[in-house]
Amino acid sequence: MSAAVAIVMPQGLSGLAQRAAGQGWLKWAIAITASFAAILEVIDVSIVNVALPYMQGNLGATLSEIGWVSTGYSIANVIVIPLSAWLGLYFGKKRYFIFSLVAFTLASILCGMATSLSTLIIGRVIQGLGGGGLLAKAQALMFETFPREEQAKASTVFTLGIIAGPAIGPALGGYLTDNFGWRWIFFINVPLGILAVFLSSTFLVPDEPDTRKSNTVDWMGILFLAIGLGSLQTVLEQGQQDDWFSSVFIQRMALLSVAGMALFIWQELRIEYPAVDLRVLRYRSLTAGSLISLVVGMGLYGTIFVIPVFTQTVLQFTATKTGLLLVPGAIASAVATFALAPLSKILSPRMLITTGCLITIGLMLSLTHINPDTGSENLYWPMIWRGFGTVLMFLPLSLATLGPLPKADIASGSGFFSLTRQLGGSIGIAAITALVAKQEFVHRSQIIYHISDTNPAYQDRLSSNTSLFNIFSGDTVGVQNQALSLLDKSVNFQASLLSYRDVFYFVALVFILTLPLIFLLGKATKPGAPAKT
């Protein structure tokens, strides 16, 4: 009996699910349901970023305060993701999945109706707790529902949402914010969340009774995990705003992170029924794949973060125009995802992942040629190539990492794999933000060093600016100040442009250094073959 037939045996399926099982498409209904729920979570990570300035003005918050709208969500998210396997086992996979969807949807309503910053942050934390239970469980459902020979096809549906989501988020967020207001980036989740709850209730296989391994709850492990990951995420999200380790708060969070994670690892390895089963790292595919996933997370979320920031702050694009810039990349991801399923039968995962890395390296190096005349037409093709490159990395990496795992360990492995991708994104965004700020200061200092009265180019530019303003004013001092101010803006623009060029070099270098890790994945596991330990 195949794994695909096994899902029709449990009692308690809905009438529509029984009909789907009889006609052989229940597994695909489960795949679409799980992917749809995961897309909701992934889009919500990026959809908020473009609306933060509008929230700040509407709620009367400072820049550092409004940053907690994203930070609160991320902290809750990374804490729940590794716990999702245990929570699903303890409460039942279907029950926990539906509960996460309901919590996510209700929190979206709370966020949309928030009239104060504190209410909005509380709503985002609840949203993060619900969303964290969706991503890892959705991926685990894929690998648990489909037999190994069909996992590539099923993962195509899941991968499409995970990769396209970060690109769709800013476009959708920009459109809703510009035309309807920032509250609609949350209200739009309500009908979609209700639909996801209906699909999950209808098609997911009912939980087996008495699935708990133990009635004992690893409270200490959960506490240490919350302290460790929560503090680490706080450092990554707030470090740049607080000037990193010059801030006492960031220093304390860093110490708490190290202490919390050390105690967490010690706790989980010493008890019989841990909240997070770290023993799954004995599988070589999961260990190597999770390390690579950190870098893929940087590439997936880091580039999606840096391009909109660059276009809005340097090129002065609107939120909508910036979002539309990312759409071709999302379309390219969709095309590449469906094209990759047959290719994965011919080419090894290592070859596909390597190709994806090389494409990403190439497009990052192409972006280093940005200049003051760069426009949206110069960025479409890099975004399209990014879409292809990310798919070539993500889908084969998921298959090579989780495919060889025994079915009993897929949920735990999926949680850990999803966590590394999420943390990789946070690390990438934090590193890119810090690098932009540092290099902008360095380049500004270098440019100013060459500005002096003895420099003919400086004299020509100053004279040109002065002549321009003399047309509109006869105030000699005022004209001189305006000419110098315009020159200062030009210096800042050039420094900013050069700092983003350095960021693209940095991302390319990270992917170059990652290439040797691909060989640790080993060869693809044949269907039905046992996992390598």
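Cut-off values and rules
- Residues numbered from 1 in each chain as written.
- Predicted model: local features only at pLDDT ≥ 70, side-chain atom pairs only at ≥ 80, totals over all residues.
- Heavy atoms only, no water.
- Helix = DSSP H or I, 4+ residues; strand = E, 2+ residues; numbered from the N terminus.
- Buried < 20%, exposed > 50% of the residue type's maximum accessible area, 1.4 Å probe, protein only.
- Axes fitted to C-alpha atoms, helices over the stretch in contact; angles between N-to-C directions.
- Left-handed = near helix turned anticlockwise from the far one by under 90°.
- Contact = heavy atoms within 4.5 Å.
- Nonpolar A, V, L, I, M, F, W, Y, C, P; charged D, E, K, R; others polar.
- Patch = residues over 30% accessible without salt bridge, like charges linked within 9 Å, V, L, I, M, F, W, Y side chains within 5 Å.
- Areas by Shrake-Rupley, 256 points an atom, 1.4 Å probe, with all protein chains shown as cover.
- Salt bridge = Lys/Arg side-chain N within 4 Å of Asp/Glu carboxyl O.
- Parallel < 35°, antiparallel > 145°, perpendicular 65-115°, else oblique.
- Phe/Tyr/Trp six-rings, centres within 6.5 Å; stacked < 30°, edge-to-face > 60°.
- pLDDT = per-residue confidence, 0-100.
- Core = buried A, V, L, I, M, F, W, Y, C linked by side-chain atoms within 4.5 Å.

A few points about the overall build of the protein
And then number 1: Within the protein, the regular secondary structure consists of 21 helices and zero strands.
And then number 2: Looking at the protein residue by residue over its 533 residues, the buried ones come to 54%.

Observations regarding the packing of helix α18 (residues 380-402) against helix α19 (residues 410-449)
And then number 1: Two elements in contact, α18 and α19, have axes separated by 10 Å at closest approach and are oriented at 140 degrees. For the pair α18 and α19, the sense of crossing is right-handed. Where α18 abuts α19, its residues F394, L397, S398, T401 and L402 lie against I410, G413, S414, F417 and R421.
And then number 2: For the contact of α18 with α19, the residue count by class is five nonpolar, four polar and one charged.

Section: a nonpolar patch on the surface
And then number 1: On the surface, L324, V327, I331 and V335 cluster together into a nonpolar patch covering about 340 Å² of accessible area.
And then number 2: Among the elements that make up the nonpolar patch, the one with the highest residue count is helix α16 (residues 327-346) (three residues).
And then number 3: Examined against the element boundaries, V335 turns out to sit in helix α16.
And then number 4: A residue is classified by how much of its surface remains accessible, and V335, at 49% relative accessible area, is partly exposed.

Structural notes on the packing of helix α6 (residues 68-91) against helix α7 (residues 93-113)
And then number 1: Where α6 meets α7, the axes come as close as 8 Å, and the angle between the chain directions of the two elements is 155 degrees. For the element pair α6 / α7, the angle class is roughly antiparallel. Both α6 and α7 take part in a crossing whose hand is right-handed. Contacts from Y73, V80, S84, L87, G88 and F91 of α6 reach α7 at K93, R95, Y96 and F104.
And then number 2: Taken together, the residues that form the contact of α6 with α7 break down as six nonpolar, two polar and two charged.

Describing the environment of V42
And then number 1: Mapped onto the secondary structure, V42 falls in helix α3 (residues 26-47).
And then number 2: With 127 residues separating them along the chain, V42 and G169 place their C-alpha atoms 8.1 Å apart.

Some points on the packing of aromatic side chains
And then number 1: Applying the stated rule across the entire model yields three aromatic pairs.
And then number 2: Relative to F186, the ring of W182 has its centre 6.3 Å away and its plane inclined at 90 degrees; by these criteria the two rings are edge-to-face.
And then number 3: Note on W184 and F187: the rings are 5.5 Å apart at their centroids and 75 degrees apart in plane angle, and the pair reads as edge-to-face. Separated by three residues within a single helix, W184 and F187 lie in helix α10 (residues 184-187), roughly one turn from each other.
And then number 4: Among the residues examined, W184 registers a relative accessible area of 44% and is labelled partly exposed.

What to know about the environment of A21
And then number 1: Tracing the chain through its elements places A21 in helix α2 (residues 15-23).
And then number 2: A relative accessible area of 17% places A21 in the buried class.
And then number 3: Placed 182 residues apart in sequence, A21 and F203 show a C-alpha to C-alpha distance of 9.5 Å.

Remarks on the confidence of the model for the protein
And then number 1: On average, residues of the protein score 75 in pLDDT, and 80% of them reach the 70 mark or higher.
And then number 2: Segment residues 1-9: pLDDT under 50, and 14 contacts once partners within four positions in sequence are set aside and those in other chains are kept.
And then number 3: Confidence drops under pLDDT 50 across residues 524-533; counting only partners more than four residues distant or on other chains, this segment forms 19 contacts.

Side note on the pattern of salt bridges
And then number 1: Taken as a whole and judged by the stated rule, the model has one salt bridge.
And then number 2: Between R501 and D502 there is a salt bridge, and its shortest N-O distance comes to 3.4 Å.
And then number 3: In this structure R501 comes out as partly exposed when scored by relative accessible area, which is 27%.
And then number 4: Judged by relative accessible area, which is 15%, D502 ranks as buried.

Structural notes on the nonpolar core
And then number 1: Within the largest apolar cluster, 83 residues are counted, with the highest numbers of intra-cluster contacts made by F97, L101, I307, Y500 and F504.
And then number 2: Apart from the residues lying within four places of it in its own chain, the contact partners of I307 are L325, L326, L367, M383 and F504.

Considerations on the side chain of T177
And then number 1: Inspection of the secondary structure puts T177 in helix α9 (residues 151-179).
And then number 2: What T177 contacts, discounting residues up to four positions off in sequence, is A51, Y54, W182 and I185.

Topic: the side chain of R124
And then number 1: Relative to the helices and strands, R124 resides in helix α8 (residues 117-145).
And then number 2: A residue is classified by how much of its surface remains accessible, and R124, at 1% relative accessible area, is buried.
And then number 3: The contact partners of R124, leaving out residues within four places of it in the chain, are D44, V48, V69, S70, Y73, C111 and F186.

Regarding the environment of Q139
And then number 1: Here Q139 shows up in helix α8.
And then number 2: Residues Q139 and A31 lie 108 residues apart in sequence; the distance between their C-alpha atoms is 9.0 Å.
And then number 3: In contact with Q139, other than residues within four places in its own chain, are F158, S398, L402, S414, F417, S418 and R421.

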